[in-house]
Structures are given as C-alpha cells and as structure tokens.
Amino acid sequence: MHTLRTADKDFETQFTSFLALKRDADAGVDGVVAGIIADVKKRGDAALVEYTNRFDRVQYAANDIRIPANDIASANPGKEVLEALEIAARRIRAYHEKQLPEPLLYTDGDGITLGWKWTPVDAAGIYVPGGTASYPSSVLMNAIPAKVAGVKRLVMVVPTPDGEMNPAVLAAARIAGVTEIYRVGGAQAVAALAYGTATIAPVAVIVGPGNAYVASAKKQVFGQVGIDMVAGPSEILVIADNQNNPAWIAADLLSQAEHDTAAQSILITDDAGFAAKVETEIASALKTLPRAKIASKSLDDFGGVIIVRNWEEAAALSDRIAPEHLELAVENPAALAGKISHAGAIFLGRHAPEALGDYIAGPSHVLPTSGTARFSSGLGVLNFMKRTSLIGADAEAARALGTHAAALADAEGLGAHALSLRARVMSNG
C-alpha cells in the first residue's frame, strides 16, 4: 500500500498524485457501449438477445428472458439467508419511510398561493449485478426505496452468466415486491430499459450498480431516462486511532478491496506503529480470503496509508477524498463527523463497520464514488420522486403583482408574456 505522511515536505505532491491514480474504465468502453445502445434502440429484442447470448454464454430467445413468476415464488436460498433478507428488508423500509417528503400549500402576504407536491415516477428499472459476484442485498437497497416512494412498476434486470441464477437474488426480489424480472444485463439491458423493446417496456428512471459498461450505458442514456448516479469502483476510507483492534481495521479495508481490482481502501491514522500492525493483519487475512487475489491487487495498486499529525488534518484530507464509505473508528466519532462535509455514508465508532451498512443497517448502500460525494447523495426515496411546484392567485393578487411581472417581461423583450399579465391587471373580473 502507498504510504504518505503529512509531515513530509513533499506530502502535497504525493497526495495529489495518489488522488489522481486512474481507477476508471478504459476510454474505449464508451465507444463500445454507444454501439450497443444504438443497436438495441434500432433492433430491439433481436439485439438484446444477441448480445445477452454472446456475453453471458447462453442460448435465449426473446420469450425466454422474462423470469417466470413460479421461479420467483419458489426461490429458496435457505432459511438463514431468507431470515436475514427479511430483517434487512424491514430495516431498509423503516429507514426510507422517514425520507418521504411532505407536500406544502400556503398563501403568502401578497395573496399568492404557493406550494409543492411530490409524485413518484411511473416505472423504475433496477440493475442488479450478476457477474463475478451476485448481490441480493442490491435488490433490497434499490427496490425498497422505490416501493416506499410509490413507484407502481419496478423492472429488474440481472445477468445470468452460463444460465446460473442465484436463488437469493430472486428471493430478495420477492421480498421487495418485484415481479417483473429479466435475465439480461450489461449495456444492452440498460438500453432496453431506456428505450424499450417488444418484450421490455421502457422505464423513467434506472438505478443500481454495475461494471464499467453498465456505468457508461447509464451515463449515455441519461436524458432519455433519469439515473441515480454513474458509479465507479467501490472505495473505503477508515480514520482510526491506535485504540482499535488492528485485525478489525484490516478486515474493514479488505471488505472493499475484495470487490474489484479497481476498488480503493485507505487508512488514515495518527500512529505509524498502529498502521504497521494493520498491514501485518492484512497480509495474514489475505492467506485465507476466497477473493484474496482481487483484494491483493486492489491494495497494491490503489491502497493507501496516510499518517497524520492530528484529526483536523484527517478531516481535511477526508473531504478532499470525498469517499463513498467513511469509517470513523475513533474515541469521539460524532465530533469528528461534524468536521466532515463530503462522504457517501459515515460509519460512527469502532463497532460500525462499513459491511453493516452494506447489508442491514437501513440506508441504501448505493452511494456516490470517485469523489462525487462532493456534490451528490446516496440512493434514496427522492431518486424515484418528482417535485411539482403549485402556484395560484386570485384576481386581487394577480393585479397587485402583474404590473411588476409585466415590467420584467418587457425588459426581456417578451411581449406576449407582458400581454398575458396586463390582461389580468386591467380586468374587472
């Protein structure tokens, strides 16, 4: 792992170079994806099935891609997993119900009635990864906020490489209330959700994580549909003091490194000796982890240890990183959190590992990556809702404000606007 010290004279240069490490997909991905989207838009199901059969090594026809209701109803990943999914779903639902916005309607001092109302989108598409790993937790984290928002039609797409489907993914869909599921993935699935085919009707919003091709596809169809975000590789920043168990912190860093060779794990601490102990524990854990090869490359290429002189430096560096996941494993995590503005999710204290948020804490684990927490938020109920402004006026209010509004219309050279306003100013009605 890269090691940096704020006390070093060239720290700023080192840190800037570290932040600039390229973890994004090859630029060639966008061109490939653009071709796939155009083809699906033109040929519909034929292109969708052709790409699916090629990339997932299957032999589907168009009428094979929707997963039958009986398969969803009978999916059984085992009692322990089902129980965990039910508990997670209950907690995710309870958390997101508190995000539901309230409508407003009031009349101000000038007699103008103002307010807003919130309405859900008609249909939402949920992308669930199914490649190197499949994630039933992602089903819950994407579908339940949409359900809470009141979305009537939820469409889930999930690739099935070699025809294999994780029963836990279908069970999670059943628990979340998703009944329309298609065994397609990749850029072709995103294109189908955005533009529609004979088999898959289009949606209004597409959410959910995926690989570089999925991220590129979501970016390219934005405008035709809404999206949650363009997600990059997963990342974690752990700010920890020397009172932690180094094995715990090592496991937390590895929990993101095992996702992807392009994932990033960073430790910030004020104790170099503690950092060394964490690295020793990482080396030990890598001997037994199933995804050790992936985690090891992630740490070698993008992992970092930053030794700071105080927690003020740590907070400032954290805001420059703007991490997807931020663990504050320190004595007073709430105080340190108060100094930090940019993070997808903050985990408070030594007993709140990021993995708790991945599965069962409550907030959606779909979070901004690659520094985009500087300007965006994690997935929530509002991703599936629209705010509509409400404006009303009686005759007296229209006359009182119409003259002023007409003056602004004249200043902008918009005569019909001014005419519309003055017609009411001069009216006796």
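In case you missed it, the structure is sitting above this.
Residues numbered from 1 in each chain as written. Predicted model: local features only at pLDDT ≥ 70, side-chain atom pairs only at ≥ 80, totals over all residues. Heavy atoms only, no water.

Q: Can you walk me through the sheet that holds strand β8 (residues 226-227) in this structure?
A: Consider a sheet: its strands pair through backbone hydrogen bonds, and that pairing is either parallel or antiparallel. Pairing is parallel in the open sheet, where 5 strands are placed in the order β6-β5-β4-β7-β8. Strands with a single pairing partner mark the edges of an open sheet, and in this sheet they are β6 (180-182) and β8. Bridging between strand β5 (residues 153-157) and β6 involves 3 bridges; their strand directions are parallel. Bridged to Val 155 within β6 is Glu 180. (Pairing = 2+ DSSP bridges. Helix = DSSP H or I, 4+ residues; strand = E, 2+ residues; numbered from the N terminus.)

Q: Help me understand a nonpolar patch on the surface in this model?
A: A grouping of Leu 104, Tyr 106 and Trp 116 is seen on the molecular surface, where their side chains present a nonpolar patch of about 270 Å² in accessible area. Examined against the element boundaries, Leu 104 turns out to sit in strand β2 (residues 104-107). The class of Leu 104 is partly exposed, set by a relative accessible area of 35%. (Patch = residues over 30% accessible without salt bridge, like charges linked within 9 Å, V, L, I, M, F, W, Y side chains within 5 Å. Areas by Shrake-Rupley, 256 points an atom, 1.4 Å probe, with all protein chains shown as cover. Salt bridge = Lys/Arg side-chain N within 4 Å of Asp/Glu carboxyl O. Buried < 20%, exposed > 50% of the residue type's maximum accessible area, 1.4 Å probe, protein only.)

Q: Can you walk me through the layout of surface pockets in this structure?
A: In this approach the atoms are scanned with a rolling probe the size of a water molecule, which exposes any empty space left behind. The calculated volume of the second largest pocket comes to roughly 280 Å³. Around the second largest pocket sit 16 residues that line it, and Leu 19, Arg 23, Glu 235, Gln 264 and Ser 370 are the ones nearest its centre. Where the lining of the second largest pocket is concerned, the elements lending two or more residues are α1 (11-19), β9 (235-240), β10 (264-269) and α13 (311-321). No other element matches β9, which puts 3 residues into the lining of the second largest pocket. (1 Å grid on protein atoms, 1.4 Å probe; cavity = no way out; pocket = protein on both sides within 12 Å on 5 of 7 lines; lining within 4 Å. Points joined across faces, edges and corners; volume = space filled by probe spheres on them.)

Q: Is there a simple way to think about the nonpolar core in this case?
A: Generally speaking, soluble globular proteins have nonpolar side chains that are buried together. Counting 40 residues, the largest nonpolar core has Leu 140, Val 151, Leu 154, Met 156, Val 178, Ile 181 and Phe 384 as its most contacted members. Mapped onto this core, the elements with two or more residues apiece are α5 (79-97), β4 (123-127), α6 (136-149), β5, α7 (167-176) and β7 (205-207). Considering every element that reaches this core, the biggest residue donor is α6, with 8 residues. Excluding its chain neighbours within four sequence positions, the residues that come into contact with Val 178 are Ile 72, Ala 143, Leu 154, Met 156 and Ala 173. Membership of the second largest hydrophobic core comes to 33 residues, among which are Ala 194, Ile 200, Val 221 and Ile 227. (Core = buried A, V, L, I, M, F, W, Y, C linked by side-chain atoms within 4.5 Å. Contact = heavy atoms within 4.5 Å.)

Q: I would appreciate a short explanation of the sheet that holds strand β12 (residues 325-329) in the present structure.
A: Taken in spatial order, the 6 strands make up an open sheet running β1-β11-β10-β9-β12-β13, and their pairing is parallel. What marks the edges here is a single partner per strand, and that holds for β1 (2-5) and β13 (345-348). Strand-to-strand twist of the sheet, defined as the mean angle between neighbouring strand axes without regard to direction, takes the value 15°. Along the sheet face, helix α10 (residues 246-257) touches β9, β10 and β12 and points at about 165° away from the line of β9. (Axes fitted to C-alpha atoms, helices over the stretch in contact; angles between N-to-C directions.)

Q: Help me understand the side chain of Ser 318, please; the structure alone is not making it clear to me.
A: The topology assignment puts Ser 318 in helix α13. Relative accessible area serves as the criterion here: at 0%, Ser 318 is assigned to the buried category. In contact with Ser 318, other than residues within four places in its own chain, are Leu 237, Ile 239, Pro 323, Leu 326, Ile 340 and His 342.

Q: Would you explain the side chain of Thr 197 in this entry?
A: Its location among the elements puts Thr 197 in the loop between α8 (186-195) and β7. Judged by relative accessible area, which is 14%, Thr 197 ranks as buried. A distance of 3.1 Å separates a polar atom in the side chain of Thr 197 from the backbone nitrogen of Thr 199. Every residue in contact with Thr 197, bar those within four places of it in the chain, is listed here: Val 40, Gly 44, Asp 45, Leu 48 and Ala 192. (Polar contact = N/O pair within 3.5 Å; in protein donor to acceptor, adjacent residues only side chain to side chain.)

Q: Before we go on, may I ask you to explain unusual backbone geometry in this structure?
A: Negative phi values dominate among residues other than glycine, just as trans dominates among peptide bonds. A positive phi angle, near 60°, is found at Asp 162, a position not held by glycine. Here Asp 162 lies in the loop between β5 and α7. Its identity is not glycine, yet Ser 370 carries a phi of approximately 55°, on the positive side. With a relative accessible area of 39%, Ser 370 lands in the partly exposed category.

Q: I tried to follow the pairing of β9 on my own but got confused; where do I start?
A: Consecutive side chains of a regular strand alternate in pointing toward one face of the sheet and then the other. Burial within β9 is extensive, with 6 of its 6 residues counted as buried. Relative to β10, β9 is paired through 5 bridges, and the arrangement is parallel. Among the inter-strand pairings, Val 238 is bridged to a residue of β10, identified as Leu 267. Chirality of the crossover, the property in question, places the unit of β9, α10 and β10 among those that are right-handed. Bridging between β9 and β12 involves 5 bridges; their strand directions are parallel. Each bridged residue has a counterpart across the sheet, and for Ala 240 the counterpart in β12 is Ala 329. (Right-handed = clockwise from strand over helix to strand, strands pointing away.)

Q: I tried to follow the pattern of salt bridges on my own but got confused; where do I start?
A: When the charged atoms of two side chains lie near each other, side chains of opposite charge can form a pair. Counted by the stated rule, this structure contains 14 salt bridges. Arg 57 is the partner of Asp 162 in a salt bridge, and the nearest nitrogen-oxygen pair spans 2.8 Å. Linking Asp 162 in the loop between β5 and α7 with Arg 57 in the loop between α3 (45-56) and α4 (69-74), this pair joins segments that are 105 residues apart in sequence. By relative accessible area, which is 46% here, Asp 162 ends up partly exposed. A salt bridge links Lys 339 to Glu 312; the nearest nitrogen and oxygen atoms lie 2.9 Å apart. Taken as a pair, Lys 339 in the loop between α14 (333-337) and β13 and Glu 312 in helix α13 lie far apart in primary sequence, 27 residues in all. On the accessibility criterion, Glu 312 (46% relative accessible area) is partly exposed. The network of salt bridges with shared partners includes Asp 39, Arg 43, Glu 50 and Arg 54.

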